[in-house]
Amino acid sequence: MFEWILAGLILIGALFTLVGSIGLYKLPDFFMRLHGPTKATTLGVGAILLASALYFSFKTESASLHEILISLFLFITAPVSAHLMAKAAMHIKLKQVKRTQNSQ
């Protein structure tokens, strides 16, 4: 049963990562493309890291701190870096698709 849970987490992580990568490729402008790696791909990598942490925690019978720290840093730095990139893009007035422009 444990292997099925790990396999499910890895497949969910791979699916989220694939969807995020496709979004990064397909979406039309920079602001929309930010959602691919910051939302879906972060969740995908988080699921894969959770599977890895569970596997190594049960294999060695001690908490796997490496994966926990990687997940913590990932979930802290991904939104901050996306926010900074969006602010920089707004500052240099990067071209936007009509759907992402503010209607004022």
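Residues numbered from 1 in each chain as written. Predicted model: local features only at pLDDT ≥ 70, side-chain atom pairs only at ≥ 80, totals over all residues. Heavy atoms only, no water.

With respect to the secondary-structure elements, Asp29 resides in the loop between α1 (2-26) and α2 (30-33). Only 3.1 Å separates the side chain of Asp29 from the backbone nitrogen of Met32, close enough to count as a polar contact. Among residues more than four places away in sequence, those in contact with Asp29 are Lys95, Gln96, Val97 and Thr100. (Helix = DSSP H or I, 4+ residues; strand = E, 2+ residues; numbered from the N terminus. Polar contact = N/O pair within 3.5 Å; in protein donor to acceptor, adjacent residues only side chain to side chain. Contact = heavy atoms within 4.5 Å.)

Now for the environment of Gly20. As for its position among the elements, Gly20 is in helix α1. Separated by 24 residues in sequence, Gly20 and Gly44 have C-alpha atoms that sit 8.4 Å apart. With residues near it in sequence (within four places) discarded, Gly20 still touches Gly36, Pro37, Ala40 and Thr41.

Time to look at a nonpolar patch on the surface. Residues Leu65, Ile68, Leu69, Leu72, Phe73 and Ile76 make up a contiguous nonpolar surface patch of roughly 590 Å² in combined accessible area. Tracing the sequence through the fold places Ile68 in helix α4 (residues 65-91). The class of Ile68 is partly exposed, set by a relative accessible area of 46%. (Patch = residues over 30% accessible without salt bridge, like charges linked within 9 Å, V, L, I, M, F, W, Y side chains within 5 Å. Areas by Shrake-Rupley, 256 points an atom, 1.4 Å probe, with all protein chains shown as cover. Salt bridge = Lys/Arg side-chain N within 4 Å of Asp/Glu carboxyl O. Buried < 20%, exposed > 50% of the residue type's maximum accessible area, 1.4 Å probe, protein only.)

Where α1 contacts helix α3 (residues 35-60), the axes come no closer than 7 Å and their chain directions differ by 160°. Considering their axes alone, α1 and α3 lie roughly antiparallel with respect to each other. Considering only the axes of α1 and α3, their crossing is left-handed. When the residues that make up the contact of α1 with α3 are grouped by side-chain class, the tally is 18 nonpolar, seven polar and no charged. (Axes fitted to C-alpha atoms, helices over the stretch in contact; angles between N-to-C directions. Parallel < 35°, antiparallel > 145°, perpendicular 65-115°, else oblique. Left-handed = near helix turned anticlockwise from the far one by under 90°. Nonpolar A, V, L, I, M, F, W, Y, C, P; charged D, E, K, R; others polar.)

With 96% of its residues at a pLDDT of 70 or more, the protein has an overall mean of 88. The spread of mean pLDDT over the elements of the protein runs between α2, the lowest at 86, and α1, the highest at 93. (pLDDT = per-residue confidence, 0-100.)

On to the nonpolar core, then. Within the largest apolar cluster, five residues are counted, these being Phe31, Leu34, Ala82, Ala86 and Ala89. By residue number, the principal contributor to this core is α4, which donates three residues. (Core = buried A, V, L, I, M, F, W, Y, C linked by side-chain atoms within 4.5 Å.)

Turning our eyes to something else, we now look at α4. For α4, built from 27 residues, the straight-helix expectation of 39 Å at 1.5 Å per residue is met to within 8% by its first-to-last C-alpha distance of 39 Å. Listed as buried for α4 are Glu67, Ser71, Ala78, Ala82, Ala86 and Ala89. In the core, the buried residues of α4 are packed alongside α2 and α3. Positive phi appears at Lys93, one or two residues downstream of α4, with a value of about 55°. (Expected span 1.5 Å × (residues − 1).)

Moving on to α3. End to end, α3 covers 36 Å across 26 residues, agreeing with the expected 38 Å (1.5 Å per residue, within 8%). If you look at α3, its biggest bend is around 35°, right at Thr41. Buried within α3 are the following residues: Gly36, Thr38, Ala40, Thr41, Thr42, Gly44, Gly46, Ala47, Leu49, Ala51 and Ala53. On its buried face, α3 sits against α1, α2 and α4. Remark: Glu61 follows α3 within two positions and exhibits a positive phi of approximately 60°. (Bend = angle between axes of the 7 residues up to and from the residue.)

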